[in-house]
Amino acid sequence: MPGRGSPPLVGRERELRLLHAFVDEAAVDGGARVIAGEAGVGKTALADSAADYAAGRGMRVLRAAGVEFEAEVGFAGLHQLLAPLLTELAGLNPTYRRALAVTLGIEDGPAPDRLTLVNSLVALLTGASDAPVLVVVDDAHWLDQASASALATLARRLKGNQVAFIAAVRSEEPSLFHQAGIDEIAVAPLDDPSAEMLMATIFPRLPQRAVRTVLGEAQGNPLALIELPVPLGDDSPEPPIARTPVGRRLRQHFERLIGTLPAATRAQLLHAALDGSGDVFPAASAPDLGPAERAGLVRIHPLTRGVQFRHPLTRSSVVELATDEERRIAHRELADRYPADSERHAWHLAAAAIAPDEQIARLLEDAALRSKRRGDPVGAIGLLMRSAELSPGQDDHHRRAMFATYLGADVTGDLVNPRIPAVSEGGRSHTVATAVAAAAYMVNSGGDADAIHRVLLSALRSVPKPLAEWNEPLAEIVYVLMANGSFGSRADLVADYWNALDELGLEPPENLQLLGHTFLESATRAQEWLPVLDAAIAAIDDEFDTARAARLGIASMYVDRTAACRPALWRLVDHGRAGGAIASAIKAFALLGFDAVLTGDWDAALRIADEGLNYTDRHHYRLLGGFLRYAQAMVAAARGDDELARRIATELVSWGAPNRIGFVLQLSAHVSAVAALTRGDYKVAYGHVLEVCSPETLPSYKPAALWMLFDLVESAVRAGRMENARAHVADICAAHVAKISPRLALVTAGAEALVATGDDVTRAFEAALALPGAIGWPFLVARIRLGYGERLRRMKSTSEARRQLMMAAEAFDSLRAVPWAARARGELRATGWVVESPAAQALTPQEREIAALAAAGLTNKQIGERLYLSPRTVSAHLYHLFPKLGVTSRAALRDALREQRSDQV
């Protein structure tokens, strides 16, 4: 048998050149590469070569490998990678040290957000050595989801740091590293000359007929070229070519080698294969591995003294050859190597179990809750499901399985998983666990709001009263009841929610109270809870239970605090993009879409909606998909795309109405109202807003009315319903919604201005436009200016009317709200103002405003007083704008600002 050292890298000159050049570049400025190819093509050998090259130029090399049998253990890959650096955590700043300590399970505490975790990793890696660092992750497609997500994010953020990152993945296996947008080095099978050269180098005495056989069967796969010739010799008959796939032939080859080993060696190989801790598994724990090392199946790392399998197929062959009983014995013995409260201890015990065992089930459940708190909801679901399988009691089995199902529906996007139970309203009684899982599925998929409500109430009424304490499943069912009440948007649903809370006889957790007051009944209950919400948002960076972070965003949506949550919401999006908490990411997309519509960042709203809808369609989240469709429709409505707005509004009604999801119908009504306002059909617009703002202006159970108050008053005024408009304004003022947020203060002041009369008109409009923060709501401000300009024109205040109308038109232009801009310019023409020339359009907004006032005859001092500028500043602006307009005096300004037409007199 030939020597089993590292074979030469033949035919890989291109790949080596690319890798070495990458290492040189990344040692200075950081970066990442993915090595992708089929099993056995030489990815590990290339990664080894890159590691040797990096070490030779003085870099510190850190390694980890994904393990097929540990893909369910949260952060196992990260543990393996960082094991050599654990003593260096103490040198980090407290935030980063705590972030890594919590993630790795060294300390308890709230999980860090993804950005903090990644920044902590960068800080640890850059501080690990005075020299640059290379991180190599082999078999990255087999990393646990939490580690893969963190490392894929890390790989995208290394530019500018002296850290290089290389991940080796199978091209045929799904991997977050494929999706992360990292540059790939594709490794193809060897071409025929290179394959022949490799064979001649390693097996110079192999008969030509055997060479031809191996070349045909190996199909350019280097591992096959090296391993398959071993049983062939001069007297071997020539077998048929390409009869068996390469992977299967290799597996059979490794199984033959393993079968020749002593029983003690096979047992210790099995321990090393199932442990999954990579180089961390000590060779000292397996003293009988010599025969396996001599056979080329494993090697002992010279520095760590850890056991390394030569190829993943070797590891999987070891496990597959073992009997079930041998695997169970190995898992039991491995469990004893870890602390009793560790996830690995619980996981190995579970793998060894052959019958239900409540002690193991409880350990798994505790590990699942820790995993969820550490930011790994995907891992938590797997642990909970195994915990359910090992639960001897029916109630415990059901509770754990349904809580896992609920997490799948509410956090990870698992709406199509067959674990979701079908729920009927009759028959068996609904336990809390069953109800929360079924209701989460039904809510997110856009199910019947009344049916969901009955399921949840039935379960809550079965809970023994009074409560001794709140537990997580109970808190979740109350949350879903509250969310469903908001989506149903009916007085009876909301009343039932508050009554159910009272019946439980125990004060709810603060986060539930916060949501009930700021989300369920925002207009009437939010104000006293706003300080609590603001404090929670200020600490949102310390919250990385993804569901809780998303719920803070939900609590903010009606009270206009979403802007403060944007960084956290984008982190949720990144978490979902990396394959983590998909449902939380979709909720973040919806919240960011609502926010972008309100704040006038409409192009961003469309981008957010487009990306979010890819996820909602893939995971069947019809309700959240409806929210994103609303964002698309609102932009279309305001920009005059009446057909698209109407189509989406009709689509929302088509499934929202039969399922009695009132909130979806309100969104449809809002789209229809804005579309009607845009085309000037004011009576129709007023009718649509009244679908929401009735039977009173601000129904407490319809918080979406807070988004539509200005539409309500504006449509009533423009439809000639001034008496109704004044009544609405009186209700808005009486509700004191202006105290909730700057936007609602602007809505209130703008609505008051629309119904003002006489001497109050100018004062009311000026007061509205002078409010702090008004600039953050450009569409709303532009509409207020349009209304102000119209009133001023009718009051014969022509110069000031023109100023307001010009500013409104410019704002509408920036939003590409063409019909609204045209209306503002129509009003400008009615003042006698002619549309600006191209030269005038080249001016900045402030220059244009100064030019318009100067053309109207105002002095520099008067212009300065009007615009809060010094006369000197006004003079400087005029000095710069004269050449732009091609004039030399104020007298020529008016003509220069006009568009000259042949028919003008």
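Described in the following lines is the structure provided in the data block.

Thresholds, definitions, all that
- Residues numbered from 1 in each chain as written.
- Predicted model: local features only at pLDDT ≥ 70, side-chain atom pairs only at ≥ 80, totals over all residues.
- Heavy atoms only, no water.
- Helix = DSSP H or I, 4+ residues; strand = E, 2+ residues; numbered from the N terminus.
- Buried < 20%, exposed > 50% of the residue type's maximum accessible area, 1.4 Å probe, protein only.
- Pairing = 2+ DSSP bridges.
- Axes fitted to C-alpha atoms, helices over the stretch in contact; angles between N-to-C directions.
- Salt bridge = Lys/Arg side-chain N within 4 Å of Asp/Glu carboxyl O.
- Expected span 1.5 Å × (residues − 1).
- Polar contact = N/O pair within 3.5 Å; in protein donor to acceptor, adjacent residues only side chain to side chain.
- Core = buried A, V, L, I, M, F, W, Y, C linked by side-chain atoms within 4.5 Å.
- Contact = heavy atoms within 4.5 Å.

On to unusual backbone geometry, then. Cis geometry is found at the peptide bond from S694 to P695, where omega equals 5°. Positionally, P695 belongs in the loop between α34 (682-690) and α35 (709-718). Its identity is not glycine, yet S489 carries a phi of approximately 55°, on the positive side. Within the secondary structure layout, S489 lies in the loop between α22 (472-488) and α23 (491-504). Assessed through its relative accessible area of 5%, S489 is described here as buried. The backbone of R660 shows a phi angle near 55°, a positive value even though the residue is not glycine. With relative accessibility at 37%, the residue R660 sits in the partly exposed group.

With respect to topology, five strands assemble into an open sheet ordered β2-β3-β4-β1-β5, the strand pairing being parallel. A single partner strand is all that each edge strand has here, and the edge strands are β2 (60-65) and β5 (184-186). When the angles between neighbouring strand axes are averaged without regard to direction, this sheet yields 20°. In this sheet, β5 lies alongside strand β1 (residues 31-37) in parallel orientation, the contact comprising three bridges. Counterpart to I35 in the pairing with β5 is I185.

It is worth spelling out the pattern of salt bridges at this point. Any two side chains of opposite charge can pair, given that their charged atoms come close. Under the criterion given, the structure shown has 46 salt bridges. Between R57 and D24 there is a salt bridge whose closest N-O contact spans 3.0 Å. Of this pair, R57 sits in the loop between α2 (43-56) and β2 while D24 sits in helix α1 (residues 13-29); the two residues are 33 residues apart in sequence, bridging distant segments of the chain. Judged by its relative accessible area of 29%, D24 falls in the partly exposed class. In this structure, the salt-bridge partner of R718 is E714, at a minimum N-O distance of 3.1 Å. With R718 and E714 both in helix α35 and four residues apart, the pair spans about one turn of that helix. The partly exposed category is assigned to R718, whose relative accessible area is 23%. On the basis of relative accessible area, E714 is assigned to the buried category, the value being 1%.

Moving on, we get to helix α45 (residues 871-885). Taking 1.5 Å per residue, 15 residues should reach 21 Å; α45 reaches 21 Å between its end C-alpha atoms and fits that length. Those residues of α45 that fall on the buried side of the exposure criterion are V874, L878, L881, F882 and L885. Following α45 by one or two positions, G886 adopts a phi angle in the positive range, close to 70°.

What follows is about the side chain of T153. Along the chain, T153 turns up in helix α6 (residues 145-156). When its relative accessible area of 1% is taken as the criterion, T153 is described as buried. Within the local environment of T153, its side chain forms a polar contact with the backbone oxygen of S149, the two atoms lying 2.8 Å apart.

Below, the discussion takes up the nonpolar core. The tendency in soluble globular proteins is for nonpolar side chains to be buried as a group. One finds F627, F663, F812 and L893 to be the most contacted residues of the largest nonpolar core, which totals 182 residues. When residues of this core are assigned to their parent elements, the largest contribution, twelve residues, is made by helix α31 (residues 622-639). The contacts of F663, once residues within four sequence positions are left out, are S486, F487, S489, M557, Y558, F594, F627, A704 and W707. Residues L81, V137, A140 and A146 belong to the second largest nonpolar core, which totals 42 residues.

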